[in-house]
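Residue-level listing of the chains:
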Amino acid sequence: MSREVSHTTHIMPVSLYLKIGGLLLILTGLTVFASFLQFGPYNLVIAMVIAATKASLVALFFMHLKYDNKLYMILFVSSLLFLATFIILTMFDTLTRGDINPETAMPYKPEAVIYTQPADSTAAAADSMHTTPDSSRTDQEPTE
Amino acid sequence: MSQSTEHPAYLQHHFSDAEQQRESVKLGMWIFLVTEILLFGGLFCAYSIYRAWNPDIFFNAHRFMNIELGTTNTCVLIISSLTIALAIRAIQLGKKNQTLVYLGSTFVLAGVFLVIKYFEYAHKFHEGMLPGKFYTFKGIAGTNPHVFFSMYFLMTGLHGIHVTVGMILIGWLMYRTKKGHFSSEYYTPVEMTGLYWHLVDIIWIFLFPLFYLVG
Amino acid sequence: MNSLPATSYLNTPRGIKSWLLTLDHKRIAILYLFSIMTMFLVGGIFAMLIRIELLSPHKVIMTAETYNKVFTLHGAIMIFMFIIPSIPAIMGNFVLPLMIGAKDVAFPRLNLASWYIYIIGTAIALYSIIHGAVDTGWTFYTPYSTTTSTAVIPMTFGVFVIGFSSIFTGLNFIVTIHKLRAPGMTWFKMPLMVWALYATAIIQVLATPVLGITLVLLIVERVAGIGIFDPAMGGDPVLYQHFFWFYSHPAVYIMILPGMGIISELVSVFSQKKIFGYRMIAYSSLGIAFLSFLVWGHHMFVSGQSQLSSMIFSFLTFFVGIPSGIKMFNWISTMYKGSISLKTPMLYTLSFLFLFAIGGFTGIFLGTLPVDVHLHDTYFVVAHFHYVMMGGTVMAFLGGLHYWWPKMWGRMYSEFWGRISAALIFIGFNITFFTQFILGSQGMPRRYYSYLPQYQPYHAFSSFGSWIIGLGFIIMAVYLIHAIFKGKPAGDNPWGALTFEWTLPSPPPTENFAEVPAVEHGPYDFDKIVPKRTFVES
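Residues numbered from 1 in each chain as written. Chains lettered and ligands numbered in written order. Predicted model: local features only at pLDDT ≥ 70, side-chain atom pairs only at ≥ 80, totals over all residues. Heavy atoms only, no water.

*Asks:* Where do I start with helix α6 (residues 188-212) of chain B in this structure?
*Replies:* Along an α-helix, residues three or four positions apart point the same way, because every turn accommodates 3.6 residues. An ideal rise of 1.5 Å per residue puts 36 Å on 25 residues; α6(B) measures up with 36 Å between its terminal C-alpha atoms. Of all the 25 residues making up α6(B), 24 are buried; the element is thus mostly covered by neighbouring parts of the structure. (Helix = DSSP H or I, 4+ residues; strand = E, 2+ residues; numbered from the N terminus. Expected span 1.5 Å × (residues − 1). Buried < 20%, exposed > 50% of the residue type's maximum accessible area, 1.4 Å probe, protein only.)

Have a look at this one:
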């Protein structure tokens, strides 16, 4: 662990900041433009790739990760990997529920109660604060 | 190795020198940003799952989002990231007034973001495009359109709270800059607030296409 | 004859304000000690009430509704207000800076703030007790938790606040370990307790925010009916379980890893032998931290999770037992041909090795998918987690408490009463909880107020065990508190250990080290150095 007091702070030139800022604005325009084109499911992929590029520019240059101790970059990337693990492993469950029992593929109610019930019983059904444990639960509908 | 003889006011006594303090604070700040990523991450997870279950709803509902305002807000935050980065650069060079100008610009841009968001929210309240059980808007085809708006208000709401906190921090930084607490030797709070603000920007960079640009 | 130092962190400076506004990590540790042990007492009283009620399938002292609230409170208090903070906040705070030769943790003010956040969060959670308490179980599963009329919001909001205490402590420890080690203390010269605290801190920082967002969503769901977990609104209640367990499974490793760190210290000192496999123990701590994030679905095998997902989680669960197994072999190998001293901390270490092995094995049984279908939500699960949490973490905690007690207060407790207490707790624990393995495998469900008559003898025997545990703890409280005021001065190094905290006076001075200490040997170099013990039991 070094204890040198001399430490040249890396100061980025203004032009670099402006270039990155400009690039970010251009990429924003690009992603808006791309959303009007029809690529089907790939629209999401393209949008996420552009967003990831913009985020990387902010992280590497504005947040200085490119020039700093590698530990911070490792921290940042690791947290994204953990997040990805969380999302992917959870989606292993939610996307494969219907494999054996098709009716479990989607959440319980394809059409929520607020659309099928008139306004006053909606208030009773959805007013969850005042349901007592022993009374029959009003937000439970008989299976269709 | 004994304590250095010069002991600046900002150096806390349990650190042996300013560099150790600076690096420790920076590491601590990055760890805090990691916790914020995981906090928002939970909501991104819920978004992914509900969008996978209701792709048609997300497509139909996003048409009712105002793309112009969303794009404007994205540009506003990007420019505010630029201005706060320039503010840090200014204080690294010891330029107090320039720092104040850039911090002030960041503050104003953050305010603009919140104002635009207010108009968007107000419009949705008016139309009945509300989260969960409060949803009453009739014009979106498909079942369970409220799901989109539940996610929208949860995620942009949490983000908006973070923007507000950021504004308060930047305001406090402006006060301290004016008082002369910072210099080219010591500007750690400015740098750390900058890191926080950049993360707030990054989160919006992802929120924008997920809610406004559903292809 | 040892004498106490004239000034130490305990008496300098004086006055209650100097304690409540302290920035000294040692004083903050003592503040945590008293608050956390108070919560342990409260949680323990709820445990005794549960076991009294279960003496009979009929009502003994409370109604079924009250029983639901009592077991919920026992769980929530023990988990969030006792066991998760316990070792890091008390022992970690006291010992970590000393072990690495630092003056304090990296962020002392954040450290004090963490304690206040813990107190405020606990107060908010306890407020819920006055307002009808909570009857959902400590897991707050939806949809019941979003519809029940009990005081879910104060309890979950209190837990949310306590979560920040955990996050900030973890953040503080990571930076402290990275940045404040004395010169010469490389990563592989650190005591294994420090490695354990580091791995724990990583989990705290990554997992607790997810609990935060989960509880926020639960509260928003109750208040605004957003519908994210509500089946009637197109939401998914199992999603709540994914969110909840993504934190709560790594949380159990937050509970056990620091305990394992203590065991590494104790087994080496009380065998006066170099720890076997230092690097493997260090790496396995990191391995546990990493793997702990990949197995949460094993709590949800019968919840409606997809079959493919259950298979994947079951498969991954088998891996998470491997690093713990590695540690067990290393500890036992450390004892082999060591000069073993059966002092109270070592008695707790031996208890740990035996009880955690049982707890760990039964965890593998539960992680086996088809077996879990039979055992899920039975007393087998209750026995498993009490074996790992109490037989594991609490035994390690008590071992650490008895090990560092003379360092904290400068005085030694009665070894005779220490051994009596350890024996009572060990025997009482096995009577209480081994019985529950049998109960569970025979089909007794957990969280049930009433049960079939065939289970009654087992329940009665289990409850009898709980009184023995209670007696053990009462005796412990008496002799430990007595030691604070009247114990024999212990001297710098009563146990003959080699880590830095034992080079300082007992109790240590406020500033820790007068000069930055030099790292001249490793923390377990008993093969090179014969340390001088300053306390010999007469």
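*Asks:* For this particular structure, what's the right way to read a nonpolar patch on the surface?
*Replies:* Nonpolar side chains collect at one region of the surface, where A:Leu30, A:Phe33, A:Leu37, A:Phe39, A:Tyr42, A:Val45 and A:Val49 lie side by side and expose about 680 Å² of accessible area between them. Of all elements in the fold, only α1 (14-35) and α2 (42-62) of chain A reach the threshold of two or more residues within the nonpolar patch. (Patch = residues over 30% accessible without salt bridge, like charges linked within 9 Å, V, L, I, M, F, W, Y side chains within 5 Å. Areas by Shrake-Rupley, 256 points an atom, 1.4 Å probe, with all protein chains shown as cover. Salt bridge = Lys/Arg side-chain N within 4 Å of Asp/Glu carboxyl O.)

*Asks:* Sorry, what's going on with the interface of chain C and chain B here?
*Replies:* The figure often quoted for interface size is the accessible area lost as the parts come together. Listed as interface residues are 36 residues of chain C and, on the opposing side, 35 residues of chain B. Carbon and sulfur atoms supply 74% of the area that chain C and chain B bury against each other, a total of about 2,800 Å² over both sides. Counting the surface chain C buries against chain B, the share from its top three residues, C:Lys179, C:Ile213 and C:Ile226, is 19%. Joining chain C to chain B, the criterion identifies 1 salt bridge. Residue C:Lys179 pairs with B:Glu23 through a salt bridge whose shortest N-O separation is 2.9 Å. (Contact = heavy atoms within 4.5 Å. Buried area = accessible area lost by both parts, 1.4 Å probe.)

*Asks:* Any chance you could explain the packing of aromatic side chains here in plain terms?
*Replies:* Note on aromatic pairs: each is described by the distance of the centres and the angle between the planes. Residues and elements named next belong to chain C. Scanning the entire structure with this criterion turns up 77 aromatic pairs over all chains. Plain terms: the ring middles of Phe-40 and Phe-82 are 4.3 Å apart, the flat faces sit at 35 degrees to each other, and that makes the pair tilted. Of the two residues, Phe-40 is situated in helix α2 (residues 25-53) and Phe-82 in helix α3 (residues 64-99); the sequence distance between them amounts to 42 residues. On the basis of relative accessibility, which here comes to 14%, the residue Phe-40 falls in the buried class. When the centroid spacing of 5.0 Å and the interplanar angle of 70 degrees are considered together, the rings of Trp-115 and Tyr-116 count as edge-to-face. Taking relative accessible area as the criterion, Tyr-116 reaches 30% and is therefore assigned partly exposed. (Phe/Tyr/Trp six-rings, centres within 6.5 Å; stacked < 30°, edge-to-face > 60°.)

*Asks:* Sorry, what's going on with the side chain of C:Asn330 here?
*Replies:* Residues and elements named next belong to chain C. Along the chain, Asn-330 turns up in helix α10 (residues 307-335). Residue class for Asn-330 comes out buried when judged on its relative accessible area of 7%. Excluding residues that lie within four positions of it along the chain, Asn-330 makes contacts with Phe-276, Gly-277, Met-280 and Ile-281.

*Asks:* So what exactly am I meant to see when it comes to unusual backbone geometry here?
*Replies:* Most of the time, phi is negative for any residue but glycine, and the peptide bond is trans. Residue and element names in this part refer to chain C. In the segment running from Thr-12 into Pro-13, the intervening peptide bond is cis, with an omega of -5 degrees. When you line up the elements, Pro-13 lands in the segment before α1 (16-20). The peptide bond linking Ser-506 to Pro-507 adopts the cis configuration, its omega dihedral lying at -10 degrees. When you line up the elements, Pro-507 lands in the segment after β2 (488-489). Positive phi, normally seen in glycine, also occurs at Ala-133, with a value near 55 degrees. Residue classification places Ala-133 among the buried positions, given a relative accessible area of 5%. We note that Asn-512 has phi near 65 degrees; this positive angle belongs to a residue other than glycine. Assignment of secondary structure puts Asn-512 in the segment after β2. Judged by relative accessible area, Asn-512 falls into the buried class, the value being 1%.

*Asks:* Sorry if this is basic, but what is going on with the interface of chain A and chain B here?
*Replies:* Across the boundary between the two partners, chain A contributes 60 residues, which contact 58 residues of chain B. Approximately 5,000 Å² of surface area, both sides summed, lies buried where chain A meets chain B, with 75% of it carried by carbon and sulfur atoms. Run the count over chain A and chain B and you get 1 salt bridge. Viewed at the interface, chain B and chain A are joined by 4 residue pairs in polar contact (both at pLDDT 80 or more). Among the residues making up the side of chain A that touches chain B, the classes are represented as 40 nonpolar, 12 polar and 8 charged. (Polar contact = N/O pair within 3.5 Å; in protein donor to acceptor, adjacent residues only side chain to side chain. Nonpolar A, V, L, I, M, F, W, Y, C, P; charged D, E, K, R; others polar.)

*Asks:* What exactly am I supposed to notice about the layout of surface pockets here?
*Replies:* Each pocket or cavity is described by its volume, and for the second largest pocket that value is around 1,400 Å³. B:Met29, B:Phe32, B:Leu169, C:Leu110 and C:Phe168 are, among the 45 residues lining the second largest pocket, the residues nearest its centre. When residues of the lining of the second largest pocket are traced back to their parent elements, those giving at least two are α1 (18-53), α5 (146-178) and α6 of chain B together with α4 (108-130), α6 (152-179) and α7 (192-224) of chain C. A per-element tally of the lining of the second largest pocket places α5(B) first, with 10 residues. Class assignment of the residues belonging to the lining of the second largest pocket gives a composition of 31 nonpolar, 11 polar and 3 charged. (1 Å grid on protein atoms, 1.4 Å probe; cavity = no way out; pocket = protein on both sides within 12 Å on 5 of 7 lines; lining within 4 Å. Points joined across faces, edges and corners; volume = space filled by probe spheres on them.)

*Asks:* Looking at this model, I keep getting lost on the pattern of salt bridges. Mind explaining?
*Replies:* Opposite charge on two side chains allows them to pair when their charged atoms are near. On inspection of all chains with the given rule, the structure shows 11 salt bridges over all chains. Close ionic contact of B:Lys26 with A:Asp68 constitutes a salt bridge, the shortest N to O distance being 2.6 Å. With one member in each of two chains, B:Lys26 in helix α1 and A:Asp68 in the loop between α2 and α3 (70-96) form a pair that bridges those chains. A salt bridge links B:Glu191 to B:Lys26; the nearest nitrogen and oxygen atoms lie 2.9 Å apart. One end of the pair, B:Glu191, is in helix α6; the other, B:Lys26, is in helix α1, with 165 residues separating them in the sequence. Residue classification places B:Glu191 among the buried positions, given a relative accessible area of 13%. One network of salt bridges, with partners in common, ties together C:Lys274, C:Asp525, C:Asp527 and C:Lys528.

*Asks:* Hey, could you run me through the environment of B:Asn144 in this one?
*Replies:* For B:Asn144, the location among the structural elements is in the loop between α4 (96-127) and α5. Taking the C-alpha atoms as reference points, B:Asn144 and B:Asn66, separated by 78 residues in sequence, lie 21 Å from one another.

*Asks:* Even after reading the chapter, I still don't get α5(B), so can you show me in this structure?
*Replies:* The terminal C-alpha atoms of α5(B) lie 47 Å apart, and with 33 residues this matches the ideal 48 Å at 1.5 Å per residue to within 8%. Phi turns positive, to about 80 degrees, at B:Gly180, one or two residues after α5(B).

*Asks:* Even after reading the chapter, I still don't get the packing of helix α11 (residues 344-367) of chain C against helix α14 (residues 415-441) of chain C, so can you show me in this structure?
*Replies:* Packed helices, taken two at a time, are described by their axes: the angle between them and the distance between them. Residue and element names in this part refer to chain C. Between α11 and α14, the shortest axis-to-axis distance is 9 Å and the interhelical angle comes to 10 degrees. It follows from the interaxial angle that α11 and α14 lie roughly parallel. Here α11 contributes Thr-344, Leu-347, Tyr-348, Ser-351, Phe-354, Leu-355, Ile-358 and Thr-362 to the contact with α14, which in turn contributes Glu-415, Gly-418, Arg-419, Ser-421, Ala-422, Ile-425, Phe-426, Phe-429, Asn-430 and Phe-437. Classifying every residue of the contact of α11 with α14 by side-chain character gives 10 nonpolar, 6 polar and 2 charged. (Axes fitted to C-alpha atoms, helices over the stretch in contact; angles between N-to-C directions. Parallel < 35°, antiparallel > 145°, perpendicular 65-115°, else oblique.)

*Asks:* Explanation requested: the nonpolar core in the structure shown.
*Replies:* Within soluble globular proteins, side chains that are nonpolar tend to cluster in buried spots. Residues and elements named next belong to chain C. By size, the foremost hydrophobic cluster in this structure holds 295 residues, and its most contacted members are Ile-228, Trp-331, Phe-352 and Trp-405. The greatest single-element share of this core, amounting to 22 residues, is contributed by α3. Not counting chain neighbours up to four residues away, the residues in contact with Phe-352 comprise Ile-256, Met-260, Ile-263, Trp-331, Ala-357, Gly-391, Gly-392, Thr-393, Met-395 and Ala-396. (Core = buried A, V, L, I, M, F, W, Y, C linked by side-chain atoms within 4.5 Å.)

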